[in-house]
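Residues per chain are reported as follows:
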Amino acid sequence: MSMDRNEMHRRPNIVLVHGAWAEGSSWSSVIERLQADGYHVTAPQFPLTSPADDVARLRHVLALQDGPTVVAGHSYGGQVMTALGTDAPNVAGLVYVAAFGLDEGESLGGLLAQGPPTPALAHQFVDEQGFVWLTEDDFVNHFAGDVDPVKAKVLYAVQQPLSASAFSDVMSVPAWKSLPSWYLVAQDDQALPPDAERMFASRMGATTIEVPSGHLAMVSHPAEVANLTEAAAASALAVNAVN
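Residues numbered from 1 in each chain as written. Predicted model: local features only at pLDDT ≥ 70, side-chain atom pairs only at ≥ 80, totals over all residues. Heavy atoms only, no water.

Chemist: Could you give an account of unusual backbone geometry, naming the residues involved and the relevant values?
Modeler: One non-glycine residue with positive phi stands out, namely Trp-21, at about 60°. With respect to the helices and strands, Trp-21 occurs in the loop between β1 (13–17) and α2 (28–36). On the basis of relative accessibility, which here comes to 6%, the residue Trp-21 falls in the buried class. Phi is positive for Ala-98, which is not a glycine, with a value near 45°. Here Ala-98 shows up in the loop between β4 (91–97) and α5 (108–112). For Ala-98, a relative accessible area of 0% translates into the label buried. (Helix = DSSP H or I, 4+ residues; strand = E, 2+ residues; numbered from the N terminus. Buried < 20%, exposed > 50% of the residue type's maximum accessible area, 1.4 Å probe, protein only.)

Here it is in structure tokens:
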């Protein structure tokens, strides 16, 4: 895909928010595709020490962007970008990839407690510092269920634990109430139930696609994730051109 320099400059920036038990390189295959199509992409590392810390990191990165930005979040990363609330300057759209799209008054723990533990989270444990980890079996066989096992074990090795406080943190006014949203439902997700993903997408009025993917869709189905993110960026560009 070719474009002139002016078109490249006008294109929205893209910021990618990784989830729990992951880090920025989990987006690598998506980043390659977005960069090949001329997008400026940032995939920062989030501390996962508290939702407030993670939102602060996202705001820090957003402040460095030049112009409109599309934010895509995976799993817990959806909670982080949702918590931008009504104060999300320069954010032109939100892309949820098998991600939590909480509403006001909801928490991760409250939603997850509505059903039995999913296979990926069945044996999670909390260390003495109050951080939650996944076991190798649950991570490789369920969290990364449709990823090549060799690659899944590498992802397991670099997992970042999530502060247990993230599960009880209550959402205020969600950003998706005032921003256009896109949602990728992972049909074979063994961490976040696909029906919960469909519920999130439906109530936020998101443009939705469904992919026969496990939880780590950006690893196992990067083309679909990149295409959805580019669709959001194209929509943001069109709106910006009109305005």
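Picking up where we left off.
Chemist: Got a sec to walk through helix α8 (residues 194–203)? Specific residues and values, please.
Modeler: Residue pairs spaced three or four apart in an α-helix point in one direction, given the helix's 3.6 residues per turn. All buried positions along α8 are accounted for by Pro-194, Glu-197, Phe-200 and Ala-201. For α8, the buried positions fall inside an angular range of 115° around the axis, keeping them on one side. Set apart from the buried face of α8 by more than 90 degrees, the exposed residues are Asp-195 and Ser-202. Buried residues in α8 make contact with α5, β8 (181–186) and β9 (207–211). (Arc of directions from axis to C-beta. Contact = heavy atoms within 4.5 Å.)

Chemist: Please provide a residue-by-residue account of the pattern of salt bridges, values included.
Modeler: Overall, the coordinates contain five salt bridges when judged by the stated rule. One salt bridge in this structure joins Asp-87 and Arg-59, with 3.7 Å as the shortest N-O distance. In this pair, Asp-87 is assigned in the loop between α4 (76–82) and β4 and Arg-59 in helix α3 (residues 51–63), connecting sequence segments 28 residues apart. Here Asp-87 falls in the partly exposed class, since its relative accessible area comes to 46%. The partner of Asp-103 in a salt bridge is Lys-177, with the nearest N and O atoms 3.3 Å apart. Here Asp-103, found in the loop between β4 and α5, pairs with Lys-177, found in the loop between β7 (162–163) and β8; they are 74 residues apart in sequence, far enough to count as distant. Among the charged side chains, a salt-bridge network with shared partners connects Asp-195, Arg-198 and Glu-210. (Salt bridge = Lys/Arg side-chain N within 4 Å of Asp/Glu carboxyl O.)

Geometric values such as these leave the question of function open.
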